[in-house]
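# Chain and residue survey
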Amino acid sequence: MKLYAFSDFHLSGDPPTKPMDIFGDHWKNHRQKIVNSWLETIKPEDTVILAGDLSWAMNLKTAISDLLMIGNLPGRKIIVRGNHDYWWDTVTKMTKMTQGKFEFIHNCAIKVGQIALTGTRGWIAETSRKFTKDDEKILAREEGRMERGLISAQKLPCERIIACLHYPPYDEARNPTHMHDIMKKYGATDCIYGHIHGNPHFYNIPSEVDGIRLHLTSADYLNFKPLFICDLEDTDA
């Protein structure tokens, strides 16, 4: 039993209605690259935490082909929302529509082995030059969801808490955000996140910020291969 992480597939059906190779040749046939690497790596007893932006679809009905393609791959699949996951709906509806092939983290925590997983989408850093009054409201809501999830995680009989975001828990200067402070307050040891794309933005990606190990899982950053996080029988990994 192993825990992996993966994100930012940006699927749009097969054939794709929004080809991603406009962002570079490495995105050519990226859907098949994801499937092939998943089948080569993930076993039925493994768990994959998916850090958002799975499909470009604007609603759940049109996202189903992408979601079921992922859902039919091996392993347990746990998802947090990305900023482009416009198809996101109520947990009840998403679970039903995807035939129970996914578990959705939303104001909750999920136990995997001796690890408690929790998370939320997150938002842009409060120190960003682009941050506005409207962003304040969104960020406050996301921070509340993370805090509730971490409180739930602490109540589970587990040895370790791993938080999952879509947005990174640091700003452009690689300084920790308030979201990071919340994770540290409640004892998260690791943070899985996505959202960041393109070689110019991969420079100086931190592996740790103020005591929390960080794992960037954007598909293009990982060359479209799932990232091993730990063996679920060895939570000190």
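Residues numbered from 1 in each chain as written. Predicted model: local features only at pLDDT ≥ 70, side-chain atom pairs only at ≥ 80, totals over all residues. Heavy atoms only, no water.

## Things to note about the UniProt feature "domain: Calcineurin-like phosphoesterase" (unreviewed entry) in the protein chain
The residues that UniProt annotates with the feature "domain: Calcineurin-like phosphoesterase" (unreviewed entry) are residues 1–198. Measuring from the first to the last C-alpha atom of residues 1–198 gives 31 Å, for a span that is 31% helix and 18% strand. (UniProt positions renumbered as here; feature names shortened; annotations may be inferred. Helix = DSSP H or I, 4+ residues; strand = E, 2+ residues; numbered from the N terminus.)

## Focus on the packing of aromatic side chains
This structure, assessed with the given rule, holds 10 aromatic pairs. Note on Phe-6 and Trp-38: the rings are 6.3 Å apart at their centroids and 35 degrees apart in plane angle, and the pair reads as tilted. Here the residue Phe-6 occupies a position in strand β1 (residues 2–6), and Trp-38 occupies one in helix α1 (residues 30–41), the gap between them amounting to 32 residues. Across the pair, Trp-38 and Phe-6 agree in class, each one buried. Ring centres 5.5 Å apart and planes at 55 degrees place the aromatic pair Trp-123 and Tyr-167 in the tilted group. Here Trp-123, found in the loop between β6 (115–119) and α4 (133–155), pairs with Tyr-167, found in the loop between β7 (160–164) and α5 (178–185); they are 44 residues apart in sequence, far enough to count as distant. The class of Tyr-167 is buried, set by a relative accessible area of 6%. (Phe/Tyr/Trp six-rings, centres within 6.5 Å; stacked < 30°, edge-to-face > 60°. Buried < 20%, exposed > 50% of the residue type's maximum accessible area, 1.4 Å probe, protein only.)

## A few points about the sheet that holds strand β3 (residues 76–79)
Spatially, 5 strands are ordered β4-β3-β2-β1-β11 in an open sheet, and the strand pairing comes out mixed. Edge positions in the sheet fall to β4 (103–104) and β11 (227–231), since each of these pairs with one other strand and no more. Of the strand pairs in this sheet, β3 and β4 are connected by 2 bridges, and their pairing is parallel. Residue Ile-78 lies in a different strand from β4, and its bridge partner there is Glu-103. (Pairing = 2+ DSSP bridges.)

## Thoughts on the pattern of salt bridges
Scanning the model with the defined rule gives 12 salt bridges in all. Note that Asp-89 and Lys-93 form a salt bridge whose closest N and O atoms lie 3.7 Å from each other. What makes Asp-89 partly exposed here is its relative accessible area of 31%. Across the salt bridge formed by Arg-160 and Asp-190, the nearest N and O atoms sit 3.0 Å from each other. Remark: Asp-190 occurs in strand β8 (residues 188–193) and Arg-160 occurs in strand β7; sequence separation between them is 30 residues. The class of Arg-160 is buried, set by a relative accessible area of 5%. (Salt bridge = Lys/Arg side-chain N within 4 Å of Asp/Glu carboxyl O.)

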